[in-house]
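# Chains, contacts and geometry: an overview
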Amino acid sequence: MSFFKRNIIFIIGFVIYIASSSLYAQVKISGAVKDSVGNPIKDVIVRLYTDKDTTISITNSLGIYRFKSIESSQIKLGFNMLGYVADLESYTIDLSKSYTVIPDHILHRGTYAIQDVSVTRVIPMVVNGDTIQYNLGAFSFRKQTLLEDGLKKIPGFQISRDGAVYFNGYHIKKVKVNNNEFFGGDIITATKNLPVDYINNIQLIELNNKSDGTETGIADYQEKEKLLNINLKEDRKILHFGQLTIGSGTNGRYLGSFGINRFNDGNELSLLGSFNNTNTNLFSYGDISGGKRNNSTLDIDEFIDPIDGINTTASVGINMAQKIGKQSRLNTSYNYVKKNISISGYSLMKSTYIGNTISKNETYDEEQEDDNHRLRLFLDGKLQNKDILKIEGNLTYNTKSIYNNKRSDLSNFQQQSEGTNIDSASHKIPIADIEVLYSKFFTKKDRKLVGKFNAKTNTLINNQFVNEIFKITNRNGIEDLEELNRQFIDQNNRNGTANLSLSFVEPFMTHSVFEFKYEYDHNNIDAERYVYNWKDARQSNIIDSLTVDYGYKFNSNKVGLIYQFTRNKRVKFNIGFAVQPIRMVGKVLNDTLNYNYENINLVPTTNFSYKLSDNVDFQVSYRGKNNQPSFFQIVPVFNNTNSRNIVLGNPELKSEFSHGLVTTFRAFLPTRMQYLETNFAYNYVKDKIVTDKRPIENTTVQQTTFRNSKGYYDWRWNYIFNTPFENDNWMLEMTGGFDYYNNISFIEDRERTTRQFIFNKAVQLKYTLGDYVESMFNANYSLNRASFDIPYRTKINVETLFMGLGAKGYVKNNFSLGFEMSQRYNDGYFNKIMNVNQTLMNAFMEFTFLHNRTALLRLQAYDLFDQNKQMGIYSEYIGNDVFEERKNRLGRYFMLSLNIRMQK
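None of the values given here were measured: they were computed from a predicted structure. (Residues numbered from 1 in each chain as written. Predicted model: local features only at pLDDT ≥ 70, side-chain atom pairs only at ≥ 80, totals over all residues. Heavy atoms only, no water.)

With that settled, the discussion passes to the sheet that holds strand β2 (residues 45-49). Spatially, the four strands line up as an open sheet ordered β3-β2-β5-β6, and their pairing is antiparallel. Two strands bound the open sheet, and with one partner strand each, they are β3 (54-58) and β6 (87-92). If you compare each strand with its neighbour and ignore which way they point, the axes differ by 25 degrees on average. When β2 meets strand β5 (residues 74-80), the two strands line up antiparallel, connected through five bridges. Considered in β5, the bridge of Leu48 is made with Leu77. (Pairing = 2+ DSSP bridges. Helix = DSSP H or I, 4+ residues; strand = E, 2+ residues; numbered from the N terminus. Axes fitted to C-alpha atoms, helices over the stretch in contact; angles between N-to-C directions.)

In structure tokens, the structure reads:
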């Protein structure tokens, strides 16, 4: 049996074993706790004692407790509640019965003179619907531990080296404190500044329809993101905190940051700034978009630098928030980011045609300078009549300059082309957008009226110089030729979009609601692209064949009806149907031909949710969705900025329509802090927009256009499981999955299929020994297998294995040592230059001093073996192309830094 098959069998078997042994029991018991007059008692701690284990349950509002996985016929139940006399009872269970009801237990009130207080453990994890709550009092943290380090001890959380926060594979970028937006939604500000001893609990809230879930209509299970809400302790709701960091290292590395913040239960004022050339995010002001699941979050991101190139960043931001009345809040912020990026790389691409294979080797250097200004205004209001009004406006102005220097070598059996491409461009992109949401309050339960409006306009002003020189050598003895491509490009694109949606939800009978929904989308593009001869932008030197003045409009109206039935808290389903007429119109200036496309999409949707128990649920949903082509794909004019790869848009493209099916199974065991989630998703796309490539005869030049095709589909299955291991000092997290893509493309007018299979599994084991040692082990295996039918059978089989180990030890109370080490193995890439193995090691020493250890002196060594700097590996296998690329990354340096935190 192959190594790959053994791994699949192992992981499936292990997950089934863990799930079956942890979640499903042969015998279940339940009972109720009441007082002396027969009233149920809520929140009684009930302990189940057997000869093998001790488990805990908490009574609900009816006084009922439940236990599963009863394996012993002789049990004891202990009952504890403040103000009542603790009690212990023995019971005999008939294991031949699947379910046993224990007689009601009566607790009697009692008074005590307490001398020595024994505090029982706080329940660490509470699940309520789509909200998971972690009570930080159940975890042990060192004094002055920040939330960033505290999250690493909580099951399901991963923190990457750049400060990004993940929970069970989902990238979390949206944060609130006490249910108020915190410093513009900047999660890094929260994690790097809030001490865990200020926090009562944290909540992971699953949002549907990309909103707070309270003012919208019927939820769409496929539109999810997760919000982190931090609830402060009652005596910590007024915070004054700040920090100052400076650092200097070898190879010219430096970093610095400052922050001054005031938080008063919703009122905020903050000033933040940072500068560094270590590819580090010291804050992420204004970035509040959510993230979807990332299957590789258990890669060793905490040890390696995942960012390509060398990034030099300077940023400053100010944020102000003020309560207006009792229920409204106004937030304003401004931030400026200046970034310089230096990237060098090497790529290889092999394009296979019938009787002609084109190989391309390319080295390049790229320099970017990016300036971005953003002004944001956000009003979160609740009116006196309980109506909700939210208004968000953004003004962004971005300027960017790019310089590329590429050296290319292309060859086939007829000729070889060697040349350079020097490309410089400058962009100016002003953007303005506004979003308004209004939700009408009704006294009738479940009745809702919600209106949303969004409008956005942006302009791209681009000036670009292209200078290509290629030397063509023919293998049949013809003299060498020189081809020149020298252009000045003046581009001005204006894009305006508007979206309006209205939703009315009305209760129907006892357990049902209807939602009537209307959506309107409008997209308008005016694109001007004038191409002139090199450095001569006079009208007489315009290149007509490459110049375009194109107008494009897309309009969509969707009218739908959704019916939802909720029999009880366990079963919920909805079914809906919508009609969506769409119309796309395109016209080239001075051309009598109009490009029109009209269609009516029939869009069914359905969602089904079933709770097997309070902590186990299953969901399945189907949704149809329309995707319009991009401007790049439809503009009907040649673009030969890269003369070796000419692109021509197709204005007759139809819009895609995707059919998506998603299933999710989740299970929680709060008393054991266990979590299991598995997902399966299937996606079929009608009229998929695909590439259509062909070679230019007797050259190494390729031409690409686009067309619609049928036959594309993909499916994905993944799981994640985390649990304490042995005891709470050990934490085990496992993730993995399969992805399959049936890609379609056209090569010389012939349909080709690329079948790609991706397998990934990862294990993370954390160990903590009191206040002395924190450690973590990571392992990640991935397989990328692609097969082509062009014009002969081709297979790619890429395997990658990561292993990483990190540990931090504390000496006394103010000195610590740590290291991080990882090993990477690559095999199976088409080009040998990609099959490299990497050993990375980081080490650091930290010394804390001043009152409450608010100052931290850190000496760190990054990438001691200097092997990370060429590990920006990327590959793509589709159609007739095998593309593999390596980019530079941050290499070895040593740095001494000082961080001073101020808190009140």
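The structure having been displayed, the exposition proceeds.
Right, let's get into the sheet that holds strand β11 (residues 157-159). Spatial strand order, β11-β12-β13: three strands in an open sheet with antiparallel pairing. Two strands lie at the open edges of the sheet, namely β11 and β13 (170-172), each paired on one side alone. The average undirected angle you get between the axes of adjacent strands in this sheet is 30 degrees. Both strand β12 (residues 165-167) and β13 contribute to a ladder of three bridges, which runs antiparallel. Its bridge partner being in β13, Val165 is matched across the sheet by Ile172.

Evaluation of the coordinates by the stated rule reveals 28 aromatic pairs. Between Tyr134 and Phe167, the ring centres sit 6.4 Å apart and the planes meet at 70 degrees, which makes this aromatic pair edge-to-face. Of this pair, Tyr134 sits in strand β10 (residues 131-135) while Phe167 is found in strand β12, placing the two residues 33 residues apart along the sequence. Seen from their ring centres, Phe157 and Phe167 are 4.9 Å apart, and the 55 degrees between their planes marks the pair as tilted. One end of the pair, Phe157, is in strand β11; the other, Phe167, is in strand β12, with ten residues separating them in the sequence. You can call Phe167 buried: its relative accessible area is 1%. Taken together, the aromatic side chains of Trp717, Tyr719, Phe738, Phe757, Phe759 and Tyr781 make up a single cluster linked through ring pairs. The side chain of Arg644 reaches across the aromatic face of Phe470, ending 4.4 Å from its centre. The ring of Tyr712 is capped by Lys688, whose NZ or CZ atom sits 4.5 Å from the centre of that ring. (Phe/Tyr/Trp six-rings, centres within 6.5 Å; stacked < 30°, edge-to-face > 60°. Buried < 20%, exposed > 50% of the residue type's maximum accessible area, 1.4 Å probe, protein only. Lys NZ or Arg CZ within 6 Å of the ring centre and 35° of its normal.)

So, on to a positive patch on the surface. Together, Arg755, Arg785, Arg793 and Lys795 make up a positively charged patch on the protein surface. Here Arg793 shows up in strand β43 (residues 792-811). (Patch = residues over 30% accessible without salt bridge, like charges linked within 9 Å, V, L, I, M, F, W, Y side chains within 5 Å. Areas by Shrake-Rupley, 256 points an atom, 1.4 Å probe, with all protein chains shown as cover. Salt bridge = Lys/Arg side-chain N within 4 Å of Asp/Glu carboxyl O. Lys, Arg positive; Asp, Glu negative; His and termini not counted. Charge placed at Lys NZ, Arg CZ, Asp CG, Glu CD.)

Bringing empty space enclosed by the protein into the picture now. Under the counting rule described, the total for this entry stands at five cavities of 30 Å³ or more. There is about 70 Å³ of room inside the largest cavity. Looking at the largest cavity, the residues that line it are Tyr550, Tyr552, Met584, Val585, Gly586, Tyr595, Asn596, Tyr597, Pro629, Ile634, Pro651 and Leu653. The residue makeup of the lining of the largest cavity, split by class, is ten nonpolar, two polar and no charged. (1 Å grid on protein atoms, 1.4 Å probe; cavity = no way out; pocket = protein on both sides within 12 Å on 5 of 7 lines; lining within 4 Å. Points joined across faces, edges and corners; volume = space filled by probe spheres on them. Nonpolar A, V, L, I, M, F, W, Y, C, P; charged D, E, K, R; others polar.)

Within the secondary structure, Leu239 is located in strand β18 (residues 238-249). Each C-alpha atom of the pair Leu239 and Glu268 lies 9.5 Å from the other, and the pair is 29 residues apart in sequence. Among residues more than four places away in sequence, those in contact with Leu239 are Leu194, Tyr198, Leu232, Asn261, Arg262, Phe263 and Lys904. (Contact = heavy atoms within 4.5 Å.)

Turning next to the pattern of salt bridges. Side-chain pairing between opposite charges can occur once the charged atoms of the two side chains come close. This structure, assessed with the given rule, holds 29 salt bridges. Among the salt bridges present, the one from Lys152 reaches Asp149, with a minimum N-O distance of 3.7 Å. On the basis of relative accessibility, which here comes to 28%, the residue Lys152 falls in the partly exposed class. Looking at Asp149, the relative accessible area reads 36%, which means it is partly exposed.

In the sheet, β18 pairs with strand β19 (residues 254-264) via eleven bridges, with the strands oriented antiparallel. Its bridge partner lying in β19, Phe241 is registered against Asn261. Connecting β18 to the next strand, β19, in antiparallel fashion are four residues, including Asn251 with a positive phi near 55 degrees.

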